Amino acid sequence: MSRASLPRDPYEVLGLARDASEQEVKKSFRRLARELHPDVNAHDPQAEEKFKEAAEAYEILSDPQRRATYDRYGHEGLRSGGYAPNFDAFGSIGDLFDAFFGGSSPFGGRSAGSAQGGDVAVALEIDLRQAARGTNEEIAYEAVDRCEHCHGNGAEPGTPIETCARCGGAGQLQVVTRTPFGQMMRTVVCDTCHGDGRTAKQPCGECRGRGRRAGKRTLTVDVPAGIADGQRIRLSGKGHAGEAGAPAGDLYVLVRVRADERFVREGDDLITALDVSAPLAAVGATLDVPTLDGTTSIRITPGTQPGEVLTVRGHGMPSLRNGKRGSLRVIVNVVVPRRLSSEQRELFERLHDTLTDENLRTEESMLSKLRRALRHQAA
Ligand SMILES: [Zn+2]
Ligand SMILES: [Zn+2]
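Per chain, the residues get numbers from 1 upward, laid out in the order the sequence is written. Chains carry letters and ligands carry numbers; both start at the beginning, A for chains and 1 for ligands, and go up in the order they are written. Per-residue local features of the predicted model are confined to residues with pLDDT of at least 70, and side-chain atom pairs are confined, for both listing and counting, to 80 or more; whole-chain, interface and lining totals are unaffected and use all residues. The side-chain quantities take in all heavy atoms of the structure and omit both hydrogens and water.

Caption draft 1: Inspection of helix α3 (residues 47–61) at higher detail. The terminal C-alpha atoms of α3, which comprises 15 residues, lie 21 Å apart, in line with the 21 Å expected from a rise of 1.5 Å per residue. To sort residues, take the accessible area from a 1.4 Å probe on protein chains only and compare it with the maximum for the residue type: under 20% means buried, over 50% means exposed, and anything in between is partly exposed. Secondary structure follows DSSP: runs of H or I at least 4 residues long count as helices, runs of E at least 2 residues long count as strands, and numbering of each begins at the N terminus. In terms of burial, α3 is largely enclosed, as eleven of its 15 residues are buried. Turning to α3, its buried residues number three or more, namely Ala47, Phe51, Lys52, Ala54, Ala55, Glu56, Ala57, Tyr58, Glu59, Ile60 and Leu61. Expected helix span is taken as 1.5 Å per residue step, with the number of steps being one fewer than the number of residues.

In structure tokens:
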């Protein structure tokens with residue numbers, strides 16, 4: 001996600017109008033993906049990049065919610081909403097390709113015949129309270145499943161499976177490609193049997209002989225108390241189905257914790273600011289301060305200075321390791337009254353006249369306070 005510039009407009013990438021239908025989105029992506037297939041277009045060294053771009057555009061526009069977010073807020077809106085394309089980290093391009101075309105991906109996602117299923121990544125957004133308590137969240141995602149109709153073998157039930165006529169059972173073909181250095185022979189996965197070496201006499205009507213199909217899945221994720229923004233939960237075996245009995249890939253749930261306007265998190269501590277009027281800071285008071293669970297009262301001692309930090313133990317975030325809760329650190333923001341009435345103004349003036357050096361002396365000079373503040377900022 002450390003891309004310097006924002007990605008292109010997905011409508012532009014897929015060559016679609018803003019009001020394109022779901023079918024048109026799908027059709028356009030299929031067409032583009034076919035064009036960019038390296039076996040078709042071996043001369044374009046950027047085919048993979050372009051395919052990625054098309055796949056990202058498809059992932060945005062094929063999901064109604066994401067598409068609506070993009071339409072209103074653009075790429076930035078998708079990012080701040082916690083959505084990041086799946087493709088960079090997990091190599092799921094191969095599986096997306098697979099779901100559309102069957103067979104082996106030209107992008108190295110899988111190799112002939114073997115193939116554990118690929119991993120899938122989804123983002124899950126929760127708020128700070130949910131992060132503190134832990135939560136069970138239902139997520140929906142798209143993954144490749146084994147076809148139930150043919151049990152994954154690609155043949156219509158009750159029909160025979162035969163040696164592939166195209167590759168003679170090898171699962172591979174030799175093809176000649178023209179390159180700037182002359183003709184090159186290379187081995188590709190057989191496009192008829194997709195590497196199996198065997199084909200169904202009558203392909204399964206449900207999956208068109210692929211044995212696998214893309215489908216929506218939902219499952220409930222157990223998010224542990226204390227999880228931090230950006231952490232991943234791995235659900236083993238919940239990714240794309242593998243080929244012919246090979247194990248499934250994993251599902252990675254990227255947890256995004258929404259920013260809370262009251263608290264800033266630092267490790268297991270929470271930091272909040274509390275406004276205290278200057279007169280109260282001078283005489284002292286017991287005040288309510290917000291916590292994740294409601295409020296708690298804290299004692300402001302007489303003479304509390306601006307920027308002083310009061311620590312309330314046990315009201316921070318629970319530690320992921322041992323569940324022990326951190327502290328709530330309350331920064332006292334002393335508010336000097338403004339827009340005084342004439343009576344208030346008179347009171348302040350009378351108060352001021354009574355003040356002595358003893359009242360105004362501080363333990364720390366203004367300059368050293370400033371230095372401390374700047375150090376904090378730098379750290
Ligand atoms: Zn099937
Ligand atoms: Zn074959």
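Caption draft 2: Layout of the coordination of the zinc ion (ligand 1). Surrounding the zinc ion (ligand 1) are the protein donor atoms Cys147 (SG), Cys150 (SG), Cys204 (SG) and Cys207 (SG), which sit 2.2 to 2.4 Å from the metal. Only nitrogen, oxygen and sulfur atoms qualify as donors, provided they sit within 2.8 Å of the metal or within 3.2 Å for Na, K and Ca; with water excluded from the atoms, sites may seem incomplete. Labels for metal geometry use angle windows, namely 85 to 135 degrees for all angles of a four-donor tetrahedral site, and for square planar (four donors) or octahedral (six donors) sites opposite donors over 155 degrees apart plus all others within 65 to 115; sites meeting none of these are irregular. Metal-centred angles of 104 to 115° between the four donor atoms at the zinc ion (ligand 1) mark the site as tetrahedral. One chain supplies every donor to the zinc ion (ligand 1), and in sequence these donors are spaced C-x2-C-x53-C-x2-C. Of this pair, Cys147 sits in the loop between β2 (135–146) and β3 (161–163) while Cys207 sits in the loop between β6 (198–200) and β7 (212–223), and the two are 60 residues apart along the sequence. The same class applies to Cys147 and to Cys207, which are both buried.

Caption draft 3: Fine view of the sheet that holds strand β11 (residues 269–277). The mixed open sheet is built from four strands, whose spatial order is β10-β11-β15-β14. Two strands bound the open sheet, and with one partner strand each, they are β10 (264–266) and β14 (309–312). Within the sheet, the average angular offset between the axes of one strand and its neighbour, ignoring direction, is 35°. The criterion for strand pairing is that DSSP finds at least two bridges linking the strands in question. Where β10 and β11 come together, three bridges link them in antiparallel fashion. The residue of β11 that forms the bridge with Glu266 is Asp269. Orientation is described by lines fitted to C-alpha atoms, with helices fitted over the stretch in contact, and by angles between N-to-C directions that extend from 0 to 180 degrees.

Caption draft 4: Representation of the pattern of salt bridges. We define a salt bridge as a side-chain nitrogen of Lys or Arg found within 4 Å of a carboxyl oxygen belonging to Asp or Glu. Applying the stated criterion to the full structure yields 18 salt bridges. Note that Asp250 and Arg234 form a salt bridge whose closest N and O atoms lie 2.9 Å from each other. With Asp250 in the loop between β8 (232–235) and β9 (251–257) and Arg234 in strand β8, this pair connects stretches of sequence that are 16 residues apart. With a closest N to O distance of 3.4 Å, Arg361 and Glu358 form a salt bridge. Note on accessibility: Arg361 and Glu358 belong to one class, exposed.

Caption draft 5: Local environment of the confidence of the model for the protein. Predicted confidence across the protein gives a mean pLDDT of 82, with 84% of residues reaching 70 or more. pLDDT measures the predictor's confidence residue by residue and takes values from 0 up to 100. The contact definition used throughout considers only heavy atoms, calling two residues in contact when any of these lie within 4.5 Å. Across residues 86–92 the pLDDT falls below 50, and counting only partners more than four positions away or on other chains, this stretch makes 18 contacts in the model. Predicted confidence for residues 101–114 stays below pLDDT 50, and this span has 39 contacts to residues more than four positions away or in other chains.

Caption draft 6: Region of interest: the packing of helix α2 (residues 22–36) against α3. Orientation of α2 relative to α3, taken along the N-to-C sense of each, is 170°, at an axis distance of 10 Å. Viewed along their axes, α2 and α3 adopt a mutual orientation that is roughly antiparallel. Across the interface between the two elements, Val25, Lys26, Phe29, Leu32, Ala33 and Leu36 of α2 pack against Ala47, Lys50, Phe51, Ala54, Ala55, Tyr58 and Leu61 of α3. Tallied by class, the residues present in the contact of α2 with α3 amount to eleven nonpolar, no polar and two charged. Roughly parallel means an angle under 35 degrees; roughly antiparallel, over 145; roughly perpendicular, 65 to 115; everything else is oblique. Residues are grouped as follows: Ala, Val, Leu, Ile, Met, Phe, Trp, Tyr, Cys and Pro are nonpolar; Asp, Glu, Lys and Arg are charged; every other residue, Gly included, is polar.

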